[in-house]
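Okay, here's what each chain looks like letter by letter:
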Amino acid sequence: MLNLLLDPQEERGLAYLFISHDLAVVKCMSGEVLVMREGEVVERGAPEAIYRDPQHEYTRETSRRCPARPGRPYRPPRPISAARTCRD
């Protein structure tokens, strides 16, 4: 599913507002990250900077629960086969 969003993003220069609690997916999908808590932005920056050195306690807490954290790198989903569709 995510690969279907990334290809047109690269090909057409699309921008997405991607909202998720899965920081591994956010890291894969985003050029800039806003971390929000209770409707307020608590941290903003490049994904690598946010993951490497989170500044806000909420970001640190959320990062600890993320399956992709230092020492456990994120492995993006494998590209889907063009021959395989949801009808298969």
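Within any chain, residue numbers begin from 1 and follow the written order of that chain's sequence. Selection of residues for local features in this predicted model requires a pLDDT of at least 70, selection of side-chain atom pairs for listing and counting requires 80 or more, and totals for whole chains, interfaces and linings are taken over all residues. Only hydrogens and water are set aside; all other atoms, that is, all heavy atoms of the structure, feed into the side-chain values.

### Some words on the nonpolar core
Here is step 1 of the chain: Side-chain atoms within 4.5 Å are what join buried Ala, Val, Leu, Ile, Met, Phe, Trp, Tyr and Cys residues into a set we call a nonpolar core. A 1.4 Å probe rolled over the protein chains alone gives each residue an accessible area, and that area as a share of the maximum for its type sets the label: buried under 20%, exposed over 50%, partly exposed in between. Membership of the largest hydrophobic core is limited to six residues, which are Leu23, Val26, Val33, Val35, Ile50 and Tyr51.
Here is step 2 of the chain: Counting from the N terminus, the helices are DSSP H or I runs at least four residues long and the strands are E runs at least two residues long. When contributions to this core are tallied by element, the ones reaching two or more residues are helix 2 (23-29), strand 1 (33-37) and helix 3 (47-52).
Here is step 3 of the chain: Only heavy atoms matter for contacts: two residues are in contact if any of them lie within 4.5 Å across the pair. The residues touching Val33, leaving out its near neighbours within four places in the chain, are Val26, Glu43, Arg44, Gly45, Pro47 and Ile50.

### Focus on the pattern of salt bridges
Here is step 1 of the chain: The term salt bridge refers to a side-chain nitrogen of Lys or Arg lying within 4 Å of a carboxyl oxygen of Asp or Glu. Taken as a whole and assessed by the stated rule, the structure comprises three salt bridges.
Here is step 2 of the chain: Taking the shortest distance from any N to any O, the salt bridge between Glu32 and Arg44 comes out at 2.5 Å. Linking Glu32 in the loop between helix 2 and strand 1 with Arg44 in strand 2 (residues 40-45), this pair joins segments that are twelve residues apart in sequence.
Here is step 3 of the chain: On the basis of relative accessibility, which here comes to 45%, the residue Glu32 falls in the partly exposed class.
Here is step 4 of the chain: A relative accessible area of 59% means that Arg44 is categorised as exposed.
Here is step 5 of the chain: Note that Arg60 is salt-bridged to Glu57, the shortest N-O span being 3.2 Å. Pair noted here: Arg60 and Glu57 are both in helix 4 (residues 57-64), with a separation of three residues, about one helical turn.
Here is step 6 of the chain: Residue Glu57 is classed as partly exposed on the basis of its relative accessible area of 43%.

### Topic: helix 1 (residues 2-12)
Here is step 1 of the chain: For helix 1, the complete set of buried residues consists of Leu2, Asn3, Leu6 and Pro8.
Here is step 2 of the chain: Packing partners of the buried residues in helix 1 comprise helix 2.
Here is step 3 of the chain: After helix 1 finishes, the residue Gly13 shows a positive phi value of roughly 70°.

### Some words on the confidence of the model for the protein chain
Here is step 1 of the chain: Residue-level confidence of the predictor, termed pLDDT, takes values from 0 up to 100. Across the protein chain, the average pLDDT comes to 76, with 74% of residues at or above 70.
Here is step 2 of the chain: Least confident of the elements in the protein chain is helix 2, whose mean pLDDT is 78; most confident is strand 2, at 94.
Here is step 3 of the chain: The low-confidence segment residues 80-88, where pLDDT is below 50, has three contacts with residues more than four positions distant or belonging to other chains.

### Observations regarding the pairing of strand 2
Here is step 1 of the chain: Of the strand pairs in this sheet, strand 1 and strand 2 are connected by five bridges, and their pairing is antiparallel. Across the sheet, the residue bridging to Leu34 is Arg44, located in strand 2.
Here is step 2 of the chain: At least two bridges found by DSSP between two strands are what make those strands a pair. The hairpin turn running from strand 1 into strand 2, its antiparallel successor, is two residues long, and Glu38 in that turn takes a positive phi close to 50°.

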